[in-house]
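Here's the letter readout for the chains.
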Amino acid sequence: MRRIAIALALAAVTALCQSGYQKPPKAVLDVLRAPDAPAVLLSPARTHILLLDVVQNPSISDIARPMLRLAGRRIDPGSNGPHLTSYATAVTVKDLASGKETKLTLPAVARLFSPTWSLDGKSVAVANQTASGTELWVADAATGQTRKLNIALNAVMSDFMAWLPDGKRLIVSSIPAGRGAAPERPLTPPGPKIQETEGKAGPTRTYQDMLTSPYDEALFEYYAKSQLLLVDAASGKATPLGTAGLYDDISASPSGGHYLVTEYRRPFSYLLPVQLFTRDVTVRDLTGKVAYTAASLPMSDRIPIDGVPVGPRSVQWRPGKPATLVWVEALDGGNPKEKVPHRDRILMLSLPDKGEPSELAKVEHRLQGAGFGSPSITWLDDGRLMVSDYDRMRRWSRTFLVDPAKPAGMTELFSRNVQDRYKDPGAPVADTRPDGRVVAVRGDSIFLRGAGASPKGDFPFVDRYSLATGKAERIFQSDPEKFQEVVGVLDDTGSRLLIRSQSPLEPPNLYIREASGKLTPITNNPDPSPQLRGIHKELVTYTRADGVNLSFTLYLPPGYKKGTRLPTVVWAYPLEYNDADTAGQIAGSQKRFNRLSGYSHLFFLLEGYAILDGATMPVVGDPETVNNTYVEQIVASAQAAIDKAVEMGVTDRNRVGVGGHSYGAFMTANLLAHSDLFRAGIARSGAYNRTLTPFGFQSERRTLWEAPSAYLKMSPFMSADKIKEPILLIHGEADNNQGTFPIQSDRMYQALRGNGATVRLVSLPHESHGYSAQETIEHVLFEQLQWFDKYVKNAPALTSLRD
């Protein structure tokens, strides 16, 4: 037996030392490579759906294509579009009434992205990425006839295509005619790189992929500059709109006579992404002429932590009006620490009037969601609107009903702790119409769609909610033995719903549900991995030593025999809470179909492990100082999870590993440094030295200089000498996430190695914060399985640990 053990150990060492991409066991590969169900996109008319055959894991050759990392964008210079984006190889239109399926006639070899329904639901536009450009294809939804238009799209920016309300024309970003060759990198530098500030505070998050030189500036301008075109979808005729510029955020007015667009201008920044550059937000007519300047904003380089830019932000069209603008402005200078009676206000201006805008509402706290993106302003089809503000200290949200005809009055509809999932009333169900996205009001009632969180898990619902009385009538809730979620409300009465239904034994499929409860199947996706049906899944609740309620989902491998103690993986991600009650709430559902994909830790089930998935690691306290006890709280949570699994008879306390991704990797290193609960760890794409993220991270609001002891205490890099258990570090070499620079893992590896730890660093070529390539994913699974097989499953017993 001893010889066999030595041989197995040598085989494991040999496998870990192999070079090149490796593959996990066949049982894992069979599940990994099983086909996925198509992605679904409901039409605005709610009569058809798109079924998209999405490529889940492209080849390494795909992601190894040339990439430019400029101003926060990742650009494929060949296609003049995004370097790596989710894409489909085929698209099918399905008529919900007849069930008829029509496959769009597209290139045999296609990389289709950004499928976009026309606002009348009769046509579909989609971009196709090739090695030498990005094409525009338009399809008739009824016939499936598709044509390529003679337009070279510029898809570098996020919003490069927008339909006009007539459903016949689009505004698109194109490569300017006669652009010429890209700038060449100078052989000698033109001079030193100089940055300067004038004594004013400008805290900046650790953004990645920033500009670094005048050459980068020229390169970014070359690839991002576009010529907007007005395109007739039927004939392909394209009319230039104005001159070329750095355009983004294109949206047509409800009348179709104007469009709203953001244009970025020099000077550029070497510290900030493009969305914070100097910019103009303008309304233009269909010749490209500027009709109104909604905002002319300087570089947003002085935004306080958790603050917002001053001046108009989140500028948008008001639905149902020909050309009325709505936007948000801060009343506190964008600084959340200023004491003011109101933080934000909402303004409105009807064009062509260029006078003073009218004030729709003021909110006491920050308008929820109105940072740099779209605010939580929901328009009803009767002209009223719903807005939500957010109290950052209490983590509290309130939703109000506002009538533009009576702007002085606001009616409060909902008020709750945003972390209190059990009291979430749901979100309004909105429809996209030619004159904008609105919520239908019928008899003063709207539909609310929510997760239906409860102590037994999530059971999604749809309510009919009376705006007059505040009472809700439940018209749908998931079957208690399934997980059923509403994809769309198909009529204004709520009697017909498009739902996605699944259970642990039934794969997800779409159905039309009638008011009577009758279900009509729309898709028939087969079970891609029948071998997984023997997996046991169970919600387990327990209590931390300080009284905080916790939970994990217990997974047991197929064929598990009750009473057998297994090697166990604890996989988690810490979250911060104001109070113990919300920290202890249950999230997720046990009724979902078991499907393993990507580099999921759940693949350990196929190798005989138990998994404590999503083991809650709440960090509870005042949001300003909660991280002062971060280490103590995650250790206590880990201890409670293991104790519970041991008590249940499923876990061998001497064979427990811990792992996590991103902030979960940070947690993993801290647990190994500050406890003796685990035999080994896996930390993917983490940050370990908080002095490298000095202006806050996760929900930490203080800077390094305001809370140096917390930053140092939380940094496992500073405790590298205390990590005695083997740890596997995995990191994408092209990580673009704030704070998780690849150097974080490089330096952590050196610190651990220098202090005599057992550590392995796997750097993944071309991969970002999440991993994409098929070869990469197979290799990551190989590494994870090998590591825990060696250091957890087959580790010698430790008599120092309790049985």
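Analysis parameters
- Residues numbered from 1 in each chain as written.
- Predicted model: local features only at pLDDT ≥ 70, side-chain atom pairs only at ≥ 80, totals over all residues.
- Heavy atoms only, no water.
- Salt bridge = Lys/Arg side-chain N within 4 Å of Asp/Glu carboxyl O.
- Helix = DSSP H or I, 4+ residues; strand = E, 2+ residues; numbered from the N terminus.
- Buried < 20%, exposed > 50% of the residue type's maximum accessible area, 1.4 Å probe, protein only.
- Core = buried A, V, L, I, M, F, W, Y, C linked by side-chain atoms within 4.5 Å.
- Contact = heavy atoms within 4.5 Å.
- Pairing = 2+ DSSP bridges.
- Axes fitted to C-alpha atoms, helices over the stretch in contact; angles between N-to-C directions.

Caption draft 1: Quick look at the pattern of salt bridges. In total, this model carries 53 salt bridges according to the counting rule given. Notably, a salt bridge pairs Arg 384 with Asp 444, separated by 2.8 Å at the nearest N-O pair. Note that Arg 384 is positioned in the loop between β25 (377–379) and β26 (385–391) and Asp 444 in the loop between β31 (436–439) and β32 (445–450), a separation of 60 residues in sequence. The class for Arg 384 is buried, based on a relative accessible area of 16%. A salt bridge links Arg 392 to Glu 624; the shortest N-O distance between them is 3.7 Å. Of this pair, Arg 392 sits in the loop between β26 and β27 (396–402) while Glu 624 is found in the loop between β46 (618–620) and α6 (630–647), placing the two residues 232 residues apart along the sequence. Residue classification places Arg 392 among the buried residues on the basis of a relative accessible area of 15%. Here the residues in one salt-bridge network are Arg 46, Asp 381, Asp 431, Arg 433, Arg 442 and Asp 492, joined through shared partners.

Caption draft 2: Seen up close, the nonpolar core. Residues Phe 552, Val 570, Tyr 630, Leu 671, Phe 678 and Leu 752 are the most contacted members of the largest nonpolar core, which totals 59 residues. The leading source of residues in this core is α6, at ten residues. Beyond its immediate sequence surroundings of up to four residues, Phe 552 is in contact with Glu 538, Leu 539, Val 540, Tyr 542, Leu 612, Asp 613, Gly 614, Ala 615, Ala 641, Lys 644 and Ala 645. Among the nonpolar cores identified, the runner-up in size contains 32 residues, and Val 569, Ile 730, Ile 777 and Trp 787 belong to it.

Caption draft 3: Structural context of the sheet that holds strand β19 (residues 290–297). An order of β16-β17-β18-β19 is seen for the four strands of this open sheet, with the pairing classed as antiparallel. The strands lining the two open edges of the sheet, one partner per strand, are β16 (246–252) and β19. If you compare each strand with its neighbour and ignore which way they point, the axes differ by 20° on average. Pairing analysis gives five bridges linking β16 to strand β17 (residues 258–264), with the strands arranged antiparallel. Each bridged residue has a counterpart across the sheet, and for Ser 251 the counterpart in β17 is Leu 260.

Caption draft 4: Expanded view of unusual backbone geometry. In this model, Arg 266 is joined to Pro 267 through a cis peptide bond whose omega is 5°. In this fold, Pro 267 is placed in the loop between β17 and β18 (279–285). Residues Leu 351 and Pro 352 are joined by a peptide bond in cis, for which omega reads 15°. Along the chain, the position of Pro 352 falls in the loop between β22 (344–350) and β23 (358–363). Of note, Ala 71 is a non-glycine position whose phi angle comes to about 55°, a positive value. Turning to its location among the elements, Ala 71 is positioned in the loop between β3 (68–70) and β4 (73–76). The phi dihedral of Asp 209 falls on the positive side, at around 65°, and the residue is not glycine. As for its placement among the helices and strands, Asp 209 is situated in the loop between β13 (169–174) and α4 (214–224).

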